[in-house]
Amino acid sequence: MNLSLFLAAFCLGIASATPKHDQNLDTKWYQWKSMHRRLYGSNEEGWRRAVWEKNMKMIEMHNGEYSLGRHGFTMKMNAFGDMTNEEFRQVMNGFQSSKHKKGKMFQELLFFKPPASVNWTEKGYVTPVKNQGQCGSCWAFSATGALEGQMFKKTGKLISLSEQNLVDCSHPQGNQGCNGGLMDFAFQYVKENKGLDSEKSYPYEGQDGKCKYNPEYAVANDTGFVDIPPREKSLLKAVASVGPISAAMDASHTSFQFYESGIYYEPNCSSKDLDHGILIVGYGTDGNGPDDKYWLVKNSWGTQWGAEGFVKIARDRDNHCGLATAASYPIV
């Protein structure tokens, strides 16, 4: 999206917000500003408050409908509260769908019966939730998550890997740093580079920089990657047998922007238009009904978002939000 189009969309997104504020929300507004350390110029505060109020009232309406049984998940105000949905999508969602696949295809084990539930976080495969900040580097966090899991499986050591290394250095493979990328391109970079540095040696900055890879601090490697067929049954077998899996999804909706807990189901979610890289760390069920199955997903928006940084997304409901569409993992 070029800048003029983005600004037009941005202006449209806030045009309907009125400058008259709900005084009943004054205390909550000041508390929210303080919590998230927001400082605005005199011309900006009015419309940021209007956007925040609109989001707050939408969240309250959704949660009221949840209490009546109309939704399977709750929403909450968070750090994205003063952003329009258009702005949120532009800043936070950096997965770039591509037709160029170079990986091997996942070979399903015919007689393998996946268990009823899996949670790789409980088995030591998953590092704590990270925060990409206002940089479209979700693809890098998804890729490091899958590689961290596979390295743990191989070595028994869980070492946090450097997203900044990928942001700065994987442009030749097709990634565009904070402007987006693909997990498969990240795995390809690690293979060609013959290593990836640790988070500790190459810390995250949340902005594009010069490549500072140092082979002395490389703690992970891969020999390529595997693409999983775009079917939920195949994805289930991969998650159960391999470990955490890189995947992409449609995360463009306001309902996802402010997700809190429960099984996320958004009627308008696309299984094709994917814009956000995430890590599938397990699956399970919350009950006995057909709508109680979920994928357990680790996001990269910090622990204040969602269920301490995680989200449950509807499973076996027609590839909801496209989790099975572009899933893959590195070979170590």
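Residues numbered from 1 in each chain as written. Predicted model: local features only at pLDDT ≥ 70, side-chain atom pairs only at ≥ 80, totals over all residues. Heavy atoms only, no water.

The protein chain is annotated in an unreviewed UniProt entry as Cathepsin L1-like of Dipodomys ordii. Listed in UniProt under the heading Subcellular location (unreviewed entry), the comment for the protein chain reads: "Lysosome". Among the UniProt annotations of the protein chain, the heading Sequence similarities (unreviewed entry) holds the following wording: "Belongs to the peptidase C1 family." (UniProt positions renumbered as here; feature names shortened; annotations may be inferred.)

1. With respect to the side chain of histidine 276
With respect to the secondary-structure elements, histidine 276 resides in strand S9 (residues 276–285). Residue histidine 276 is classed as buried on the basis of its relative accessible area, which comes to 0%. (Helix = DSSP H or I, 4+ residues; strand = E, 2+ residues; numbered from the N terminus. Buried < 20%, exposed > 50% of the residue type's maximum accessible area, 1.4 Å probe, protein only.)

2. Here's the deal with the packing of aromatic side chains
Enumeration according to the criterion identifies 19 aromatic pairs in this entry. Where phenylalanine 80 meets tryptophan 301, the ring centres are 5.4 Å apart and the plane angle is 85°; that geometry is what we call edge-to-face. One end of the pair, phenylalanine 80, is in the loop between strand S1 (73–75) and helix H4 (85–92); the other, tryptophan 301, is in the loop between strand S10 (293–298) and strand S11 (310–314), and 221 residues separate them in sequence. Judged by relative accessible area, which is 8%, phenylalanine 80 ranks as buried. Linked through ring pairs, Phe73, Phe80, Phe88, Phe256, Tyr259, Tyr264, Trp301 and Trp305 together constitute an aromatic cluster. Looking at lysine 123, its charged tip hangs above the ring of tryptophan 120, at a distance of 4.9 Å from the centre. In this structure, arginine 317 packs its charged tip against the face of tyrosine 265, placed 3.7 Å from the ring centre. (Phe/Tyr/Trp six-rings, centres within 6.5 Å; stacked < 30°, edge-to-face > 60°. Lys NZ or Arg CZ within 6 Å of the ring centre and 35° of its normal.)

3. Details of the state of the cysteines
This model, assessed by the stated rule, comprises three disulfides. Paired by a disulfide, cysteine 269 and cysteine 321 hold their sulfur atoms 2.0 Å apart. Disulfide cysteine 269-cysteine 321: torsion about the S-S bond near 110°, hence right-handed. Here cysteine 269, found in the loop between strand S8 (259–264) and S9, pairs with cysteine 321, found in the loop between S11 and strand S12 (328–330); they are 52 residues apart in sequence, far enough to count as distant. When sorted by exposure, cysteine 269 lands in the same class as cysteine 321, which is buried. Numbered by order of appearance in the sequence, the disulfide-linked cysteines of the protein chain pair as 1-3, 2-4, 5-6. This cysteine, cysteine 138, is not joined by any disulfide, and cysteine 135 carries the nearest cysteine sulfur, 8.9 Å off. (Disulfide = S-S within 2.5 Å.)

4. Some thoughts on the domain arrangement of the protein chain
As assigned here, the protein chain comprises domain 1 (41–86) and domain 2 (88–331). A straight line from the C-alpha centre of domain 1 to that of domain 2 covers 27 Å. Contacts between the two partners involve 16 residues from domain 1, matched on the other side by 23 residues from domain 2. The largest contributions to the domain 1 side of the interface with domain 2 come from Phe73, Phe80 and Asn85, which together make up 40% of the buried area. Across the contact surface, domain 1 and domain 2 share zero salt bridges. Residue composition of the side of domain 1 that touches domain 2, grouped by class: seven nonpolar, seven polar and two charged. (Domains from an automatic or database assignment. Contact = heavy atoms within 4.5 Å. Buried area = accessible area lost by both parts, 1.4 Å probe. Salt bridge = Lys/Arg side-chain N within 4 Å of Asp/Glu carboxyl O. Nonpolar A, V, L, I, M, F, W, Y, C, P; charged D, E, K, R; others polar.)

5. Points about the environment of aspartate 286
On the secondary structure map, aspartate 286 appears in the loop between S9 and S10. Given a relative accessible area of 46%, aspartate 286 falls into the partly exposed group. Taking C-alpha positions, aspartate 286 is 27 Å from glutamine 150, a pair spaced 136 residues apart along the chain. Excluding residues within four positions of it along the chain, aspartate 286 makes contact with Ile263, Asp292, Tyr294 and Lys312. Among the polar contacts listed, one links the side chain of aspartate 286 to the side chain of lysine 312, at a separation of 3.2 Å. (Polar contact = N/O pair within 3.5 Å; in protein donor to acceptor, adjacent residues only side chain to side chain.)

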